[in-house]
Amino acid sequence: ECRDFIWQLGHLGASIFVGCQNSIGRVLYTGDSTTPFRYNQLSDFGIEGAHVYVAYGPLGYFLSRRGVHRIESTQAGITYESSMISGRRLRTTWDSLNKARIKYSYGTLYRTSNGNTLILWPLTSGSGTIHDTVLVMDITDGPGNERFAWWLGWDSNAMAAVSNSSTLAEELLKTTTTGFV
């Protein structure tokens, strides 16, 4: 059972993703009137913050201190190694991040005008105290084909994808620590 601190709840296929500090699980609807929901623990490791999980269809992506992980709604369990998708591709830049500040990151799903689907996480480099780096993960080509890029030197406190009321196009807004959008 999830007996540690719950960081985040989210959508995972037909279930609810439960990201705890020391484990990951999901809540399933049973249809039973006595016990309508059931919790299944999926891992012995947790997520790193309250907003690092991003759902996309039957998939979910989240951050740990060691990298980016993927979970699928059909999985009965995951390990640290089996779920990590960033691996060596991000090692150098990932190793230089301020790991204590990952918990302050807020993952954002953004669809570009070119049709790409991106997940963006603002992060902090070195011993910094503000988000100055953005990890960009392109998930357009599906599981196993994720591509990564880093946007460096950004003062990006938070980001949000919004629809423009005039054009209905999705736009990416970014706020800085000094209050600019």
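Because the structure is a prediction, the values reported are computed rather than measured.

Novice: Describe the overall build of the chain, naming the residues involved and giving the relevant values.
Specialist: Helix and strand counts for the chain come out as two helices and 13 strands. Here the chain has a C-alpha radius of gyration of 17 Å; the compact-globule value for 181 residues is 16 Å, and the two agree. Taking the principal axes of the C-alpha coordinates as reference, the chain spans close to 50 × 40 × 30 Å. Within the chain, the proportion of its 181 residues that are buried is 41%. Sequence-distant contacts in the chain: of pairs separated by 6 or more residues, those separated by 24 or more amount to 41%. Just so you have it, the chain exposes about 9400 Å², and 52% of that area is on carbon and sulfur atoms.

Novice: Any chance you could break down the sheet that holds strand S6 (residues 59-64) for me, citing the residues and the numbers?
Specialist: With antiparallel pairing, the three strands of this open sheet are ordered in space as S5-S6-S7. Two strands bound the open sheet, and with one partner strand each, they are strand S5 (54-56) and strand S7 (67-72). In this sheet, adjacent strand axes meet at a mean angle of 25 degrees when their direction is disregarded.

Each value, and the rule that gives it
Residues numbered from 1 in each chain as written. Predicted model: local features only at pLDDT ≥ 70, side-chain atom pairs only at ≥ 80, totals over all residues. Heavy atoms only, no water. Helix = DSSP H or I, 4+ residues; strand = E, 2+ residues; numbered from the N terminus. Rg over C-alpha atoms; globule rule 2.2 N^0.38 Å. Buried < 20%, exposed > 50% of the residue type's maximum accessible area, 1.4 Å probe, protein only. Contact = heavy atoms within 4.5 Å. Areas by Shrake-Rupley, 256 points an atom, 1.4 Å probe, with all protein chains shown as cover. Pairing = 2+ DSSP bridges. Axes fitted to C-alpha atoms, helices over the stretch in contact; angles between N-to-C directions.

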